[in-house]
Amino acid sequence: MASVVTWPEDRIATREWLLENIPGAAGVLLMLTERIDKELLDLAGPTLCVVSTMSVGYEHVNLLELSQRGIKLGYTPDVLTAAVADLSVTLALMASRNIGEVMSLVKDNKWPTTHWEPFALCGPQLSTTDMSPKRTAGFLGFGRISQTTLARLIPFGITDCIYTSSPNSAPTTTRDEDLAKRHSLSSLRRVDLDQLARESDVLFVLAPGGPATRHLVNEDFLKKMKRTSVLVNTARGTLVNSDALAKALREKWIWGAGVDVVEGEPNVTADHPLVKEPRCIVLPHVGSATFETRRGMATLAVRNLLAGIDGNSNMPAELDLRNKL
């Protein structure tokens, strides 16, 4: 008779508990905080046929080990697309309008002694105006979340869109023409990294993590950006060199930044270079943190698990391991 073993607390499961309970399991549902490695898979034994992760990312999973053992991997793409897109636009607005700095005036009781000046506390406007009729949104990576974020930006008057994709990906001319027409954009173009840095008024980092994309945003990249530009990262912390971004903000190479992910998280404290920068909004990886999205992710993760154990049903969202090795 089948049984279900669950971690009883509303926090990350300990490694010890997981290793103690994994032997003989047919399937396991985990979070992105748990490592799926050789040690765990060896303990699970030959009965394990599916791993289901309640995340869209799978950097915590040893894909080669799963493939060699014939174990399926379920994940939760698409469910969090809207929530991450919403937060991406939120961070762009917060960074451009100096929200971190201006909120501190109130919290630190400095508002009563802050003198009004015509351009005090001003920042670049995300939306277009008669005096500034062009805005270019840039995307490092142009998948589902990027395209949904673009749709959120259209009412602000974004006129142009540029993006970079993997050098190995095929051209998507028809898709780009359709998107440009649907959103009434003046242009939508695939460009190289240099052009992305130079032309973006607001730049959204939304590419996959991993060794191939580590520190794509570095000092060289940031020095090419506009002094009034804003950078947003809601993808993976490893894409952006934190020290380089802190230096760019400190020396005013760019205007501001908003990050929901930081390399080395969650070990990000008050003395972190980005946290210390007044024009950097740092959030603790809450891109998918809405009730609706988390319920959707949990439901999809369970459906993946049950279908993988059943063996006769197609998993709703199975990662094709053959294309990831």
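What comes next concerns the included structure. (Residues numbered from 1 in each chain as written. Predicted model: local features only at pLDDT ≥ 70, side-chain atom pairs only at ≥ 80, totals over all residues. Heavy atoms only, no water.)

Details of the overall build of the chain
Move 1: A tally of helices and strands in the chain yields 11 helices and 10 strands.
Move 2: For the chain, whose C-alpha radius of gyration is 22 Å, the value lies close to the compact-globule estimate of 20 Å for 325 residues.
Move 3: Sorting the 325 residues of the chain into buried and exposed places 44% on the buried side.
Move 4: Here the analysis covers contacts within the chain between residues at least 6 apart in sequence; of these, 67% occur between residues at least 24 apart.
Move 5: Total accessible area on the chain stands at roughly 17600 Å², and carbon and sulfur atoms take up 54% of it.
Move 6: Measuring between centres, the 35 positive side-chain charges of the chain sit 4 Å from its 37 negative side-chain charges. (Helix = DSSP H or I, 4+ residues; strand = E, 2+ residues; numbered from the N terminus. Rg over C-alpha atoms; globule rule 2.2 N^0.38 Å. Buried < 20%, exposed > 50% of the residue type's maximum accessible area, 1.4 Å probe, protein only. Contact = heavy atoms within 4.5 Å. Areas by Shrake-Rupley, 256 points an atom, 1.4 Å probe, with all protein chains shown as cover. Lys, Arg positive; Asp, Glu negative; His and termini not counted. Charge placed at Lys NZ, Arg CZ, Asp CG, Glu CD.)

Here's the deal with the pairing of strand β5 (residues 160–164)
Move 1: β5 sits mainly inside the fold: five of its five residues count as buried.
Move 2: Residues Asp 160, Ile 162 and Thr 164 of β5 are buried on one face, and the alternating residues Cys 161 and Tyr 163, pointing to the opposite face, are buried as well.
Move 3: Pairing of strand β4 (residues 136–140) with β5 involves five bridges; the strand directions are parallel. Bridge pairing in β5 places Gly 138 opposite Ile 162.
Move 4: In terms of handedness, the path from β4 via helix α6 (residues 144–153) over to β5 forms a crossover that is right-handed.
Move 5: Strand direction decides the pairing type here: β5 and strand β6 (residues 187–190), joined by four bridges, are parallel. Looking at β6, one finds that Asp 160 is bridged to Ser 187. (Pairing = 2+ DSSP bridges. Right-handed = clockwise from strand over helix to strand, strands pointing away.)

Here's the deal with empty space enclosed by the protein
Move 1: Overall, the coordinates contain one cavity of 30 Å³ or more when judged by the stated rule.
Move 2: Of the voids in this model, the largest cavity is the one considered here, and its volume is about 30 Å³.
Move 3: Looking at the lining of the largest cavity residue by residue, the class counts come to six nonpolar, three polar and one charged. (1 Å grid on protein atoms, 1.4 Å probe; cavity = no way out; pocket = protein on both sides within 12 Å on 5 of 7 lines; lining within 4 Å. Points joined across faces, edges and corners; volume = space filled by probe spheres on them. Nonpolar A, V, L, I, M, F, W, Y, C, P; charged D, E, K, R; others polar.)

Here's the deal with the environment of Gly 24
Move 1: Structurally, the position occupied by Gly 24 is in the loop between α1 (15–21) and β1 (27–30).
Move 2: Gly 24 gets classed as exposed once you look at its relative accessible area, which sits at 53%.
Move 3: It is 7.7 Å that separates the C-alpha atoms of Gly 24 and Pro 46, two residues lying 22 residues apart in sequence.
Move 4: Leaving out residues up to four positions away in the same chain, Gly 24 has contacts with Leu 43, Ala 44 and Thr 47.

Digging into the environment of Ala 235
Move 1: Relative to the assigned elements, Ala 235 resides in the loop between β8 (230–233) and α10 (242–250).
Move 2: Separated by 57 residues in the primary sequence, Ala 235 and Asp 178 have C-alpha atoms spaced 25 Å apart.
Move 3: Once residues within four sequence positions are removed from consideration, Ala 235 is found in contact with Val 205, Leu 206, Ala 207 and Val 261.

Considering the pattern of salt bridges
Move 1: Evaluated as defined, the whole model comprises 21 salt bridges.
Move 2: Two residues, Lys 224 and Asp 194, come together in a salt bridge whose shortest N-O distance is 2.5 Å. Placement of the pair is Lys 224 in the loop between α9 (219–223) and β8 and Asp 194 in helix α8 (residues 193–199), with a sequence separation of 30 residues.
Move 3: Of the residues examined, Lys 224 reaches a relative accessible area of 19% and is grouped as buried.
Move 4: Taken together, the salt bridges that share partners define one network made up of Arg 15, Arg 35, Asp 37 and Glu 39. (Salt bridge = Lys/Arg side-chain N within 4 Å of Asp/Glu carboxyl O.)

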